[in-house]
Amino acid sequence: MTAADGIVLACVVLLLPVVAARVGRRVSTPDEYFTGGQRTSLLQLVFFMFGSGTATDSTSTVMSGVWRYGIAGVWWQLIWVLVAPFFWVLAPLLRRLRAVTTADFFSMRFGPSTSILYSLYGMMICVVLMAGVLYGSSRLLNTLTDPLFENVADRLSLQFPVLNPETVFKGPGYGQQPLLSFRPLKGDALAGIFLAVLLVGCGLLGGLKAGILFDCAQGMLRIGLTIFLLPLVIWKAGGFGSLHRSAYLKVGMLDFVASTEAGPGRYSEPFTPFYLLMLATAGLCGILVQPHIMVLCGAGRRERDARLGFTVGNLLKRVMGVLWAFFAVACLVWYLGPNSPLQQPDAPVEDAQLLQDLRLAANGDLQSRDAQEVYRLNKVNSQFADRLFGRALRDLLEGLPPGLVGLVAAMVMSAAVSHCGTQMIVGSGLFSAHLCRFYLMPEREPRELVTVGRICGVVLVLAALVLQMSFRNITDIPVLFIKTTSIIGVSMWMGLIWTRWNTVSVWAATVVGATTGILCGYLPGEVERLIPSLADRIFVETPDGRVILDSWKILLILSSTFVAGAMATVITELSQDDQLEFFYRVVRTKVRPGEVGADITRFEIRDDDELVPCLSLFGFQFPGPTREGTLGFVLAWVAVVVLVLGTRLLLFVI
């Protein structure tokens, strides 16, 4: 980094907490701190949705996936576009709940025990989300600012904790790692600590309002930089048309849906149609239960704002995902081609060996090599893929006007702060605005609950910081997140549409689904004993032992979750009629003009309320068709088709 880059980065580091403090001066109630007061404008909601799920880890994940599997890696983003039309229907539904947190939904629909269950589960989801963002962002920031954090880490000579969750389930044994171990502090870890400190400061000062403002700023900056950098990297790769001519560099590079032979080695699972179907299904199950989704839909002033913000922001995010995918394809051609930066005269000596390994991993012809060599090549390829975004940015910006690297680093930093800040706030809201408010500290004043929430937020960030140290692969993070949310997400979906799904159903589905997830992830041998007939289909051999393919993990988790919940529903009695009637009346009652302040406990049914139509059939209740709802749903599907087909057609142009 040049002096100009350092100045730009330092200015942003100082500016973020100042802005957060200014925005948060009047934050004193849980509603203002945890939901932004439900006065967010439509434009801010669009960028809030765009930014809240589009931190730097999303870009790195897409680019890493494309490097591994070719353009099929774009499905790390496009799997969500397949469920985007449902957002148009669901967003006003969530806005009508008048809830501060998703735990309020479980309390209103199923009772106190399930709200406590979700509060704990939701905080875990927030920790996983923050850990994923910190993992990707810290490595990207360290790459961009190299050797800043590496030099500081070497001087400090400290140790950092690493969590080994498999130890909990496998128990002590010979060669087993301890639950918490310590490793030397390196640049990536130090960058993660720096981001954690910054996001805690900004989140504590500004609340959700500051997070929304940061999302708007970094979202606009991200769009601008992507549009600026994409033509530049295509030019480096040889110009438009050269990417198609360079398809020989990697097996399946331009395959829109990967075959079972794609990927750098036999230990990777490609984006086959079955894998995509499982990811999309799990994503649809889990999208509603993400803690920040309720806040996002509830932050707007009107139902239409929630609809447009949720749907348009999501579609904008997928458009950017497509651009990132083509950015990654151009990088693939650039780094593996004849003009690779890794073989320039001034390149380090070790880059020559790196390029040779990357080309071997890309050509797919590894059948003649032994398992250990394939595993080594896969590891080298994966490590390069995870750092591709940061390395490409540095190589692209070299020689351009000073300050651009610092600007990109500032964008990375602000994106991580805004995204993790949102998760910190909604996660602490589950503890403070729900558990403490209704169960632990019901007599406390609102200002005291905000203070408790801030303390809880710090604890959640610390947990995320420790968890992200244990990650090894950036593309493992979204799969872990999708599986984690889908388990309890099934109960939220059923609670919205099936009147018979009750408290026992929620507990049965969640416990069985979580148990299945643990067995699949940490005790695959037990799964093989239970279903030996499927062993050859669902297992793959790795140097670390036999593991279950992610697509089959998702299928086993979702099927066991739904079957357990459905069986519990059938053998138990229907929930109390009064509770069900109140819940579905609230969901059908349109938001009143000027209605702000999310507090379902003060909601009163009025005879003059405007009710949304519904369809009732065999104990199921679905939102009834309206002109706005139907038109928006159809247009959203048109946008999805255009985006998917447009991405496919672009392959013939580049």
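Analysis parameters
- Residues numbered from 1 in each chain as written.
- Predicted model: local features only at pLDDT ≥ 70, side-chain atom pairs only at ≥ 80, totals over all residues.
- Heavy atoms only, no water.
- Helix = DSSP H or I, 4+ residues; strand = E, 2+ residues; numbered from the N terminus.
- Buried < 20%, exposed > 50% of the residue type's maximum accessible area, 1.4 Å probe, protein only.
- Areas by Shrake-Rupley, 256 points an atom, 1.4 Å probe, with all protein chains shown as cover.
- Phe/Tyr/Trp six-rings, centres within 6.5 Å; stacked < 30°, edge-to-face > 60°.
- pLDDT = per-residue confidence, 0-100.
- Contact = heavy atoms within 4.5 Å.
- Expected span 1.5 Å × (residues − 1).
- Disulfide = S-S within 2.5 Å.
- Axes fitted to C-alpha atoms, helices over the stretch in contact; angles between N-to-C directions.
- Parallel < 35°, antiparallel > 145°, perpendicular 65-115°, else oblique.
- Nonpolar A, V, L, I, M, F, W, Y, C, P; charged D, E, K, R; others polar.
- Polar contact = N/O pair within 3.5 Å; in protein donor to acceptor, adjacent residues only side chain to side chain.
- Patch = residues over 30% accessible without salt bridge, like charges linked within 9 Å, V, L, I, M, F, W, Y side chains within 5 Å.
- Salt bridge = Lys/Arg side-chain N within 4 Å of Asp/Glu carboxyl O.
- Pairing = 2+ DSSP bridges.

> Hey, could you go over the overall build of the protein chain for me, with residue numbers and the actual values?
Helix and strand counts for the protein chain stand at 27 helices and six strands. The burial tally for the protein chain puts 58% of its 654 residues in the buried class. Surface summary for the protein chain: the accessible area is close to 26,500 Å², and the carbon and sulfur share equals 64%.

> Outline the packing of aromatic side chains, supporting the account with residue identities and numerical values.
This structure, assessed with the given rule, holds 22 aromatic pairs. Centre to centre, the rings of Phe-327 and Phe-389 are 6.3 Å apart; their planes meet at 85°, and the pair counts as edge-to-face. One end of the pair, Phe-327, is in helix α15 (residues 303-336); the other, Phe-389, is in helix α18 (residues 388-397), and 62 residues separate them in sequence. With a centroid separation of 5.9 Å and 50° between ring planes, the pair formed by Trp-498 and Trp-501 is classed as tilted. Residues Trp-498 and Trp-501 agree in their burial class; the two are buried.

> Lay out the confidence of the model for the protein chain in plain terms, naming residues and giving numbers.
When the pLDDT values of the protein chain are averaged, the result is 83; 90% of them are 70 or greater. The secondary-structure element of the protein chain with the lowest mean pLDDT is helix α10 (residues 166-170), recorded at 64, while helix α25 (residues 550-571) shows the highest, at 93. Considering only residues more than four positions removed or in separate chains, one finds that residues 262-267, a stretch of pLDDT under 50, has 23 contacts.

> So what's going on with helix α20 (residues 446-468)? Which residues, and what values?
Spanning 23 residues, α20 covers 33 Å between terminal C-alpha atoms, matching the ideal 33 Å at 1.5 Å per step. Looking only at α20, the buried set comprises Leu-449, Val-450, Val-452, Gly-453, Cys-456, Gly-457, Leu-460, Val-461, Ala-464, Leu-465, Leu-467 and Gln-468.

> Provide a residue-level description of the state of the cysteines, including the pertinent values.
According to the stated counting rule, one finds zero disulfides in the structure shown. Free of any disulfide, Cys-436 has its nearest cysteine sulfur in Cys-456, 7.7 Å distant.

> Let's hear about the packing of helix α14 (residues 291-298) against helix α19 (residues 404-440): which residues, and what values?
Running from amino to carboxyl end, α14 crosses α19 at an angle of 100°, the nearest separation of the two axes being 9 Å. Considered as vectors, α14 and α19 are oriented roughly perpendicular to each other. Listed contacts from α19 to Pro-291, His-292 and Val-295 of α14 are Thr-422, Gln-423, Val-426 and Leu-430. Considering only residue class, the contact of α14 with α19 consists of four nonpolar, three polar and no charged.

> Could you give me a rundown of the environment of Ser-428, with the residues and numbers involved?
Positionally, Ser-428 belongs in helix α19. Classification of Ser-428 by relative accessible area gives buried; the value is 1%. It is 6.9 Å that separates the C-alpha atoms of Ser-428 and Arg-454, two residues lying 26 residues apart in sequence. A polar side-chain atom of Ser-428 sits 2.9 Å from the main-chain carbonyl oxygen of Ile-425.

> Requested: an account of the environment of Pro-178, with residues and values cited.
On the secondary structure map, Pro-178 appears in the loop between α10 and β2 (180-184). By relative accessible area, Pro-178 is classed as partly exposed at 47%. Residues Pro-178 and Leu-163, 15 residues apart in the sequence, show an inter-C-alpha distance of 8.5 Å.

> Describe unusual backbone geometry, with residues and values.
A cis geometry characterises the amide bond from Asp-146 onward to Pro-147, with omega recorded as 10°. Looking at where Pro-147 falls in the secondary structure, it is placed in the loop between α8 (112-145) and α9 (148-156). A positive phi angle, close to 50°, is found at Ser-157, a residue other than glycine. Along the chain, Ser-157 falls in the loop between α9 and β1 (159-163). Unlike most non-glycine residues, Phe-618 shows phi in positive territory, near 55°. Summarising the element assignment, Phe-618 is placed in the loop between β5 (614-617) and β6 (620-623). Phe-618 sits in the exposed class, given a relative accessible area of 75%.

> For a nonpolar patch on the surface, give the residues involved together with the corresponding values.
Nonpolar side chains collect at one region of the surface, where Ile-116, Leu-120, Phe-438, Tyr-439 and Leu-440 lie side by side and expose about 430 Å² of accessible area between them. Within the residue set of the nonpolar patch, elements represented by two or more residues are α8 and α19. Turning to its location among the elements, Leu-120 is positioned in helix α8.

> Outline the pairing of β6, listing residues and values.
As judged from the four bridges shared by β5 and β6, these two strands associate in the antiparallel manner. Looking across to β6, one finds that Leu-617 is bridged to Phe-620.

> So what's going on with the pattern of salt bridges? Residues and values would help.
One pass over the structure, following the stated rule, counts 14 salt bridges. Salt-bridge contacts for Arg-307 lead to Glu-628; the nearest nitrogen and oxygen are separated by 3.0 Å. Within this pair, whereas Arg-307 is found in helix α15, its partner Glu-628 is found in helix α27 (residues 627-650), the two being separated by 321 residues in sequence. Overall, Arg-307 belongs to the buried group, its relative accessible area being 10%. One salt bridge connects Glu-373 with Arg-376, and the closest N-O pair in it is separated by 3.0 Å. Here the residue Glu-373 and the residue Arg-376 both occupy positions in helix α17 (residues 371-386), the gap between them amounting to three residues, near one helical turn. Arg-376 gets classed as partly exposed once you look at its relative accessible area, which sits at 33%. In the salt-bridge network here, residues are joined through shared partners; they are Arg-139, Asp-188 and Arg-387.

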